[in-house]
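Results of the structural survey
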There are 2 protein chains.
Amino acid sequence: MSIIGAFAFFLKSGRDKDLIKSIKNITGFRPGNFILYKNALRHPSVAKDNITDSYERLEYLGDAVLGTVVAELLFKKYPYKSEGFLTEIRARIVNREELNKLGLKLGFNKMVTYQVQNNNFSHKSIYGDSLEAFIGAVYLDKGFYQCKKFIIGKLITPHFDLDEIVASNKNFKSILIEWAQKESMDIRFVIINEVSGKNHKEFTAEVQIDGEPIGHGEGLSKKKAEQAAAEKACLQLKLISA
Amino acid sequence: MSIIGAFAFFLKSGRDKDLIKSIKNITGFRPGNFILYKNALRHPSVAKDNITDSYERLEYLGDAVLGTVVAELLFKKYPYKSEGFLTEIRARIVNREELNKLGLKLGFNKMVTYQVQNNNFSHKSIYGDSLEAFIGAVYLDKGFYQCKKFIIGKLITPHFDLDEIVASNKNFKSILIEWAQKESMDIRFVIINEVSGKNHKEFTAEVQIDGEPIGHGEGLSKKKAEQAAAEKACLQLKLISA
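The sections below set out a description of the structure shown in this document.

Basis of the calculations
Residues numbered from 1 in each chain as written. Chains lettered and ligands numbered in written order. Predicted model: local features only at pLDDT ≥ 70, side-chain atom pairs only at ≥ 80, totals over all residues. Heavy atoms only, no water. Pairing = 2+ DSSP bridges. Helix = DSSP H or I, 4+ residues; strand = E, 2+ residues; numbered from the N terminus. Axes fitted to C-alpha atoms, helices over the stretch in contact; angles between N-to-C directions. Contact = heavy atoms within 4.5 Å. Parallel < 35°, antiparallel > 145°, perpendicular 65-115°, else oblique. Left-handed = near helix turned anticlockwise from the far one by under 90°. Nonpolar A, V, L, I, M, F, W, Y, C, P; charged D, E, K, R; others polar. Core = buried A, V, L, I, M, F, W, Y, C linked by side-chain atoms within 4.5 Å. Buried < 20%, exposed > 50% of the residue type's maximum accessible area, 1.4 Å probe, protein only. Least-squares fit on C-alpha atoms with pLDDT ≥ 70 in both. Buried area = accessible area lost by both parts, 1.4 Å probe. Salt bridge = Lys/Arg side-chain N within 4 Å of Asp/Glu carboxyl O. Polar contact = N/O pair within 3.5 Å; in protein donor to acceptor, adjacent residues only side chain to side chain.

This part takes up the sheet that holds strand 2 (residues 201-209) of chain B. All names here are of chain B. Taken together, the three strands give an open sheet; going across it, the order is 1-2-3, and neighbouring strands pair in antiparallel fashion. Unpaired on one side and paired on the other, strand 1 (187-196) and strand 3 (212-219) mark the two borders of the sheet. Each neighbouring strand pair of the sheet contributes to a mean axis angle of 20°, computed without reference to strand direction. Direction of pairing for strand 1 relative to strand 2: antiparallel, over a ladder of nine bridges. Counted as the bridge partner of V190 is E206 from strand 2. Strands strand 1 and strand 2 of the sheet are contacted by helix 11 (residues 172-182), whose axis makes an angle of about 145° with strand 1. Across the sheet, helix 12 (residues 222-236) lies against strand 1, strand 2 and strand 3, angled at about 135° from strand 3, the strand it touches most.

Have a look at this one:
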């Protein structure tokens, strides 16, 4: 590295300075290994090297860390609730839609870099994905306990009302299965279509009651598609109101 | 608590002493909060209270912690591999079958308490499940970093050969999908049956090529059933040899 190169290495651009400020605002601390955060905020569409520069690897790591922290939080908050309950409540917090909303609230739309492509589909969950990657960056940069403090103190507590989440029963699939068992009807969820985008897949699910299709739904995961199909079926069967 | 009661509280039974010895052998340390480990080794069939005394809640927590530790291990070991690769390799390590085998190797069959029921099906993955719960107990008892050390030093490094796992391509579903795309055939995986036991479900998957069923498989998860069906289809299509 030349002297100028070395000097430039320590000089941060205006954009970098803004980014550091934003990271401090979100986390409450100054980033140590800044490169990690920059990677966490870079969609594969603008990465020089898809694998090492984009947020995808960090997203995989952050997803796991977030899952663990929320698992423990719920485990301790609800000492008399079953593991089925804990799994269900965690899924209501840690899912693509909620994380995407949270990413937007935190201003990730001003921080994430990406290129608009013809097919906008692949950008649907970009803020949630990069938020997970950001969590992965915090974990690598600051260690487990500071990352846990960040997740609980800055992400979960201010943005999720656990009591309200527990009270709302949005699990249409459970409602439907319970109803079918009571009525001794055969119920089946079938993935009838799967479309692959560059970074995502979209699924179509069908609910069949005694072999008859009664609802269809689409989603970015099989689970989401099944939920969407189950909601339609619940409406159709008047188990819920619109 | 009477004086005798209090005294009995501090006296551990012979079985407890053996258990503490076994825990020390497995982990390398003396358990702090012994109750946690006892719960981790108690199947719901013999729990006084399914929720607070059995291993199910701890299993939910341990599963998350194990996932995080293995995620980080692979993330760091393979810095130039995609998140798809990391996810796939993690799934080959952290799955019901592998964990069950590992639980047996570690002697969990001598430690876990359960009641044999008419339907043996629900005990199929008992050692893997309680191993995950055991990890949850270590996490709560000793904290993240000691638990991580335990997972890597006592579970992964001595029992899994990562290079061999990476080299073996057991993902029959991927092989099949790749083949179908090359041949421009329509391929579909359909769960055609689902049987519920007390603690587990068993699934039957069907692979359809251009609408024709070409392989069936069963498994304790949808993914396993699909893999089993895909393996049959791969054999049928001579994409692999038996």
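What follows picks up the thread again.
Residues and elements named next belong to chain A. At a closest axis distance of 8 Å, the pairing of helix 11 (residues 172-182) and helix 12 (residues 222-236) adopts a crossing angle of 55°. It follows that helix 11 is oblique to helix 12 by the angle criterion. For the pair helix 11 and helix 12, the sense of crossing is left-handed. Residues F172, K173, I175 and L176 of helix 11 touch helix 12, and the partners they reach there are E226, Q227, A230, E231, A233 and C234. When its residues are assigned to classes, the contact of helix 11 with helix 12 shows six nonpolar, one polar and three charged.

At S184 of chain A, a residue that is not glycine, the phi angle is positive and equals roughly 55°. Locating S184 of chain A in the fold gives a position in the loop between helix 11 and strand 1 (187-196). Phi is positive for K238 of chain B, close to 60°, though the residue is something other than glycine. Counting through the fold element by element, K238 of chain B comes out in the segment after helix 12.

This part takes up the nonpolar core. F134 and I151 of chain A together with F134 and I151 of chain B are the most contacted members of the largest nonpolar core, which totals 105 residues. For this core, the element with the most residues is helix 5 (residues 56-77) of chain A, which contributes twelve residues. Ignoring sequence-local partners within four residues, the contact set of F134 of chain A consists of I23, I26, T27, Y37, A40, L41, F108, M111 and F150 of chain A.

Below, the discussion takes up the relation of the copies chain B and chain A. After a rotation of 180° and a shift along the axis of 0.1 Å, chain B superposes on chain A with an RMSD of 0.1 Å. Put plainly, the chains are arranged around a two-fold axis. Closest approach to the rotation axis among the C-alpha atoms of chain B is made by V190 of chain B, whose C-alpha sits 3.2 Å away. The fraction of interface residues of chain B whose copies in chain A are also interface residues reaches 98%, indicating that both copies meet through the same surface.

Residues and elements named next belong to chain A. Read across the open sheet, the three strands follow the order 1-2-3; overall the sheet is antiparallel. Each end of this open sheet is capped by a strand with a single partner; those strands are strand 1 and strand 3 (212-219). Taking the axes of each pair of neighbouring strands and ignoring which way they run, one obtains an average angle of 20° across the sheet. Running over the sheet, helix 11 touches strand 1 and strand 2 (201-209) and is turned about 145° from strand 1. Across the face of the sheet, helix 12 comes into contact with strand 1, strand 2 and strand 3 while running at roughly 135° to strand 3.

What follows concerns the interface of chain B and chain A. Each partner contributes residues to the interface: chain B has 40 residues there, and chain A has 39 residues. Carbon and sulfur atoms supply 59% of the area buried between chain B and chain A, which totals about 3200 Å² over both sides. Taken as a group, R57, Y60 and F75 of chain B account for 26% of the area that chain B buries against chain A, more than any other trio of residues on that side. The interface formed by chain B and chain A includes two salt bridges. A salt bridge links E226 of chain B to K222 of chain A, with the nearest nitrogen and oxygen atoms 3.7 Å apart. Here chain B and chain A share 17 residue pairs in polar contact (both at pLDDT 80 or more) between them. If you list the elements that add at least two residues to the side of chain B that touches chain A, you get helix 4 (50-53), helix 5 (56-77), helix 6 (83-93), helix 8 (126-142), helix 9 (144-159), strand 1 and helix 12 of chain B. Of all the elements, helix 5 of chain B adds the most residues to the side of chain B that touches chain A, at 15 residues. Residues belonging to the side of chain B that touches chain A are distributed by class as follows: 22 nonpolar, six polar and twelve charged.

Keep in mind that these numbers describe shape and distance, not what the molecule does.
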